[in-house]
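If you want the building blocks of each chain, they are given just below.
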Amino acid sequence: MASDFISVIEPGDTRGREGGASRVLPILPVRDTVLFPHAVLPLTVGRESSIQLIQSLGEEKSIVVVAQRDARVDAPQPQDLHAYGTLATVHKVVKMPNQSLFVFTEGTERVRLGEFSKIEPFMVAAVETVPEVPAAKDASLEALQRNVVTQFQQIVSASPTLSDELQTIAMNIDDPGRLVDFIAASLPFLATGDKQELLETPDVGARLDRINKHLAKELEVQQLRNKIQSEVQDQVQQSQRDYYLREQLKAIQKELGEMDEGQKDIEELREKIEAAGMPEETKKEALKELNRLSRMSPMAADYSLTRNYIEWLAVLPWAKSSGSAVDIVKAKEILDEDHYDLKKVKDRILDYLSVRRLKADMKGPILCFVGPPGVGKTSLGRSIARALSREFRRISLGGMHDEAELRGHRRTYIGALPGQIIQNLRRAGANDPVFMLDEVDKLGRDFRGDPASALLEILDPEQNNTFRDNYLDQPFDLSKVLFICTANMLDTVPEPLRDRMEIIELQGYTEEEKKHIAFRYLIPRQIKENGIQADNIEFPEESVPHIVRHYTREAGVRKLEQQIGTICRKQARRIAEGNTEKLVVTKEIIQEFLGGMKVRVDTEIAERTKRSGVAVGLAWTPAGGDVLFIEANRMKGKGGFTMTGQIGEVMQESMQAALTWVRSNAKSLGLDEDVMKDTDIHIHVPSGAIPKDGPSAGVTMATALVSLLTDRPVRPLTAMTGEITLSGNVLPVGGIKEKFLAAKRAGVNDIILPAENKLNVEEDLMADQIDNVTIHYATRIDDVLAVALPRTVAEEHRDEEVRDEVLQKTA
């Protein structure tokens, strides 16, 4: 490797300029180094081949120094070397302790390598002198040369590593070719490739122009570097100046007995901490942090973080409550005003208010409203807050994956904040708001944590009086907060979390209830929201039931409100177009605005039960109840039994149990005991794209099989639900209210339920809901068949007449 030291032949010295024809000389390859003519360069020779080359030199001491193309090659071959090098004379060789040689070489002239005559132990090749092409001496050349010298002087002056003697030497060189070689050899920033390019350029004018560009670029880089350094230095000086002035200002203010802005800020925070009413331990920690803040410089990195932490502690409502007296009568009026029906929920809230009136420090209950979409769970929470005269805050848990969203991040993280619980308490400004935790059944879980587990502490009255947010790291009492959760279904809610909540089910509405809700709440709200007046539109009594029956199929009223909103928007458009005539919403108007009927519940059951083997069951879904058709068919075969319709294992087992009961009781049903001998049976549950499971369709499957095998169609407008056993018993099922309301929406007149579900009917359904529907209770499957299937030909004829009457009425 070459040393950074460079020596130069003084101007006028002509050593090594003999010139001559092609000669054969040893080649010394060097890494990252280019030797120029008239320059002295010390080289460290360490390769075995290069050491042998130096040691083999005779009196002449001439070698050719050539740069390698790739410095990483340890044993270079001819193709690894550049085609141009420099003829050099070895003046002195010093042996180093590590067996390498320190060689002083002097460049004499440019040469081009020819054919290599020897490779081992060192390379020998023919070389040919490359004569310089002198430039025409005119004003432009002289201007370029002066410019190069001036730029070189500027670079040397600005560089701390270059000697000032270089400026003097450059000014004394008149030959432009030697000037370029001298400058190129003196500049450490020039890359090896750029130096080799200058060496390979015999044209002096081109060489001068090329070095001029390199110098201009380096000068620009140096100026930018100096500018950056100057700016940094200015900033440092400004910071020091600010610090000294600030310290002087503090000393002056101290003498005058005044406080600066920072001290005023500290005192304000101290007053807030004293007035916050926080527990003694928390107050002690807050004052400790405040004292630490007062000793910190506002320029310190932790200043803003510590100040934010203290501010959070100071502004939280540690002891601030709404404190309003509870008026039970007024609360009942507000609940009735905002929501229709929902008696169970209202009773539970009024019970809580009554206890709170007698015991002011009672812990808030943890309620969970479970029901299908659109039944008013979220709006009920807002209504409860209004009845209690408390702040209402809603936190949506749907899709939340990170438990830090609830508990906050530790202060060590950049941008850390308290969790949603503490943030909403600050916004509420009281420690007893109503918190609505919406969609608790849709919480996520991943590598960032499990929010449902974080809720275990928040929703436990025995634990949440010392709730610790990760950011605050101080206990906060949540026991006065009234937490209300909402969910569409409880299957996805973990059991420990479910155990902490008081479950209140909100079932769907009947058609009559939806009519009341529409006239009382939905229609006035949509009229107002769509910018029309009450006297611009009229909904007759029969119009809303028509929309409910034929344009919605839901347990709640959200879709109904959307359809009413669509009609109101159509009227708003008519008014905007100049037609101010009052609109009476008749069935024809509904069809014009909303399109053809979307749901034909009146005729669907009557139409599909015309043939034997079709029975109507009842199902529970997260969106409420629904009717479920079970279809059975037979064909010639060998006793096979096929089940389709994307049904789960439990439902398949119910089908097998129903078939087993039918076969074991074939004689009592009037069937051949070998009824399956030459017959294959296929049971299908339509809506094949929807997964179905559960045991509650057992009696429906048995009825469909008996109907098929006895060739008796199931009575029209009859639906049923219940689990079947192998011995023919009918067991109770869940979701009775939802299933009953679904059957009533579908126009069912007779409903068959397990006898043990009679208590659910009496508790969950009111007398006006049961009107026009006959409920039959069954303990065995024989009771079901007695109601569902006609027993005589006369009854079959009567059923046909009823079915035809229903179909003609809605035709």
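Quantities reported herein were computed from a predicted structural model and do not represent experimental measurements. (Residues numbered from 1 in each chain as written. Predicted model: local features only at pLDDT ≥ 70, side-chain atom pairs only at ≥ 80, totals over all residues. Heavy atoms only, no water.)

## A few points about the overall build of the protein
What the protein contains, in helices and strands, is 28 helices and 25 strands. Each principal axis of the C-alpha distribution contributes one length, and for the protein these read about 140 × 95 × 65 Å. The long-range share in the protein, meaning contacts at least 24 apart out of those at least 6 apart in sequence, stands at 73%. Accessible surface computed for the protein: about 40,600 Å², of which carbon and sulfur atoms make up 49%. The averaged location of the 126 negative side-chain charges in the protein is 2 Å from the averaged location of its 104 positive side-chain charges. (Helix = DSSP H or I, 4+ residues; strand = E, 2+ residues; numbered from the N terminus. Contact = heavy atoms within 4.5 Å. Areas by Shrake-Rupley, 256 points an atom, 1.4 Å probe, with all protein chains shown as cover. Lys, Arg positive; Asp, Glu negative; His and termini not counted. Charge placed at Lys NZ, Arg CZ, Asp CG, Glu CD.)

## Observations concerning the packing of aromatic side chains
The full count for this structure, using the stated rule, is 5 aromatic pairs. Considering the side-chain rings of W318 and F476, the 4.9 Å spacing of their centres and the 45 degrees angle between planes classify their relative orientation as tilted. Here F476 lies in strand β12 (residues 475–476) and W318 lies in the loop between α9 (303–315) and α10 (328–338), a separation of 158 residues in the sequence. Pair check on accessibility: W318 and F476 agree, each one buried. Geometry around F122 places K118 over its ring, the cationic atom sitting 4.6 Å from the centre. Directly above the ring of Y309 sits R411, whose terminal nitrogen or CZ lies 3.7 Å from the centroid. (Phe/Tyr/Trp six-rings, centres within 6.5 Å; stacked < 30°, edge-to-face > 60°. Buried < 20%, exposed > 50% of the residue type's maximum accessible area, 1.4 Å probe, protein only. Lys NZ or Arg CZ within 6 Å of the ring centre and 35° of its normal.)

## Thoughts on helix α20 (residues 587–594)
Where α20 is concerned, the buried positions are I589, I590, F593 and L594. The arc that holds the buried residues of α20, viewed along the axis, is 105 degrees, so those residues lie on one side. Residues of α20 that are exposed and angled more than 90 degrees away from the buried face: E588 and E592. As for α20, its buried residues are in contact with α18 (543–551), α19 (558–576) and β16 (583–584). (Arc of directions from axis to C-beta.)

## Looking at unusual backbone geometry
A negative phi angle is the norm for most residues apart from glycine, just as the trans form is the norm for most peptide bonds. The omega torsion across E120 and P121 is -5 degrees, close enough to zero to call that bond cis. A positive phi angle, close to 50 degrees, is found at D32, a residue other than glycine. Notably, L717 is not glycine yet its phi reads approximately 55 degrees, a positive angle. Checked against the element boundaries, L717 lands in the loop between α23 (698–710) and β21 (718–720).

## Details of a negative patch on the surface
A grouping of D672, E673, D674 and D678 is seen on the molecular surface, where their side chains present a negatively charged patch. Take D672: its relative accessible area is 52%, and that puts it in the exposed class. (Patch = residues over 30% accessible without salt bridge, like charges linked within 9 Å, V, L, I, M, F, W, Y side chains within 5 Å. Salt bridge = Lys/Arg side-chain N within 4 Å of Asp/Glu carboxyl O.)

## With respect to the confidence of the model for the protein
Atomic detail in the predicted coordinates should be set aside for any region of low pLDDT. Residues with a pLDDT of 70 or more make up 94% of the protein, whose mean pLDDT is 83. Long-range and interchain partners of residues 1–20, a stretch whose pLDDT sits below 50, account for 43 contacts in this model, where long-range means more than four residues apart. (pLDDT = per-residue confidence, 0-100.)

## Some thoughts on the nonpolar core
Within the largest apolar cluster, 51 residues are counted, with the highest numbers of intra-cluster contacts made by F369, I384, I537 and I567. Looking at this core, the element that brings in the most residues is helix α17 (residues 511–529), giving 6 residues. Ignoring any residue separated from it by four or fewer positions in sequence, one finds I567 in contact with I537, F539, I547, V585, I590, F593 and L594. Formed by 50 residues, the second largest nonpolar core is a distinct cluster that contains M296, V370, L397 and V440. (Core = buried A, V, L, I, M, F, W, Y, C linked by side-chain atoms within 4.5 Å.)

## Some words on α19
Note: α-helices contain 3.6 residues per turn, so residues at a spacing of three or four share the same orientation. Counted at 1.5 Å a residue, the expected span for α19 with its 19 residues is 27 Å, and the 27 Å between its end C-alpha atoms agrees. Among the residues of α19, L560, E561, Q563, I564, G565, T566, I567, C568 and Q571 are the ones counted as buried. Buried residues belonging to α19 abut α17, β15 (537–538), α18, β16 and α20. Positioned one or two residues after α19, G578 has a phi angle of 105 degrees, which is positive. (Expected span 1.5 Å × (residues − 1).)

## Side note on the side chain of Q196
By the secondary structure assignment, Q196 is in helix α5 (residues 192–199). Not counting residues within four places of it along the chain, the set of residues in contact with Q196 comprises V34, A67, H82 and Y84.

## Observations regarding the environment of I781
Within the secondary structure, I781 sits in helix α27 (residues 781–788). Along the primary structure I781 and D234 are separated by 547 residues, whereas in three dimensions their C-alpha atoms are 96 Å apart. With residues near it in sequence (within four places) discarded, I781 still touches W661, V699, A702, I724, G728 and V730.

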